[in-house]
Amino acid sequence: SYNMEEWQEVFVGQIPQGNYQTQVINGEEKGLILDLKNKDHHIVLDFGFVRAIRMLDEGIVQDHIYSESQTGKYKKDRFQYIIYQVTDGEFSKQIQQAAGEYWEIMNLKHDIVVTQSYNIDIITEWKPEITIL
């Protein structure tokens, strides 16, 4: 059930609002890097090593995977903050079940990056490094 899910803006005002094209780079060497570009800005979100990632095409997502009351709070502003931290989200519950006690030990967080075309769920213990080029 979605009724516990809660979205919160993080890094407010750090990422310029806009429609971004998304490039995802993920691997052992550098971890997860999201490269966001539009005509005005180039933003690099470096998450480092993440525990889990899920990338959904926005055509699939909004209404069935996340709490509509939560996405509704941000949809009207077209998800201007780009990165949201989610508590009690469905993806984190799946990973929490799989991780067992490690979830608590590692102090994992569930972030969602919402761009023009994708919702990217990220489970990690770190804050991303945000670079605006």
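Shown above is the structure to which this text applies.
Residues numbered from 1 in each chain as written. Predicted model: local features only at pLDDT ≥ 70, side-chain atom pairs only at ≥ 80, totals over all residues. Heavy atoms only, no water.

1. What about the sheet that holds strand E5 (residues 52–57)?
(1) Moving on: Strand order in the open sheet made by the five strands is E1-E6-E7-E8-E5, with antiparallel pairing throughout. Every other strand in the sheet has two partners, leaving strand E1 (6–9) and E5 as the edge strands with one partner each. Taking the axes of each pair of neighbouring strands and ignoring which way they run, one obtains an average angle of 25° across the sheet.
(2) Moving on: Here strand E7 (residues 109–114) pairs with strand E8 (residues 118–124) via six bridges, running antiparallel. If you follow Asp111 over to E8, its bridge partner there is Ile122.
(3) Moving on: Across the sheet, helix H2 (residues 68–75) touches E1 and strand E6 (83–87), and the angle it forms with E1 is around 25°. (Pairing = 2+ DSSP bridges. Helix = DSSP H or I, 4+ residues; strand = E, 2+ residues; numbered from the N terminus. Axes fitted to C-alpha atoms, helices over the stretch in contact; angles between N-to-C directions. Contact = heavy atoms within 4.5 Å.)

2. Thoughts on the side chain of Arg54
(1) Moving on: The residue Arg54 is located in strand E5 in this model.
(2) Moving on: Within the local environment of Arg54, its side chain forms a polar contact with the side chain of Glu90, the two groups lying 3.2 Å apart.
(3) Moving on: Once you skip the residues sitting within four places of it in the chain, Arg54 turns out to touch Ile65, Tyr66, Glu90, Phe91, Asn119, Ile120 and Asp121. (Polar contact = N/O pair within 3.5 Å; in protein donor to acceptor, adjacent residues only side chain to side chain.)

3. Here's the deal with the pairing of strand E4 (residues 42–48)
(1) Moving on: For E4, a buried count of five out of seven residues is recorded, marking the element as mostly surrounded by other parts of the structure.
(2) Moving on: Pairing of strand E3 (residues 31–37) with E4, which is carried by six bridges, proceeds in the antiparallel orientation. Directly across from Leu32, in E4, lies its bridge partner Gly48.
(3) Moving on: Here E3 folds back onto E4 in antiparallel fashion, the turn holding four residues. (Buried < 20%, exposed > 50% of the residue type's maximum accessible area, 1.4 Å probe, protein only.)

4. Some details on the pattern of salt bridges
(1) Moving on: Taken as a whole and assessed by the stated rule, the structure comprises five salt bridges.
(2) Moving on: With a closest N to O distance of 3.5 Å, Asp40 and Lys39 form a salt bridge.
(3) Moving on: A relative accessible area of 55% places Asp40 in the exposed class.
(4) Moving on: For the salt bridge of Arg54 with Glu90, the shortest nitrogen-to-oxygen distance reads 3.2 Å. Of the two residues, Arg54 is situated in strand E5 and Glu90 in helix H3 (residues 90–99); the sequence distance between them amounts to 36 residues.
(5) Moving on: Arg54 gets classed as buried once you look at its relative accessible area, which sits at 14%.
(6) Moving on: Each of Arg54, Glu90 and Asp121 takes part in salt bridges that share partners, so that together they form one network. (Salt bridge = Lys/Arg side-chain N within 4 Å of Asp/Glu carboxyl O.)

5. Some words on the nonpolar core
(1) Moving on: In this structure, Leu34, Leu45, Phe47, Ile83, Val113 and Ile122 are the most contacted members of the largest nonpolar core, which totals 16 residues.
(2) Moving on: Apart from residues lying up to four places away in sequence, Val113 is in contact with Leu34, Leu45, Phe47, Ile82, Ile83, Tyr118, Asn119, Ile120 and Ile122.
(3) Moving on: Membership of the second largest hydrophobic core comes to ten residues, among which are Leu56, Tyr74, Tyr84 and Val114. (Core = buried A, V, L, I, M, F, W, Y, C linked by side-chain atoms within 4.5 Å.)

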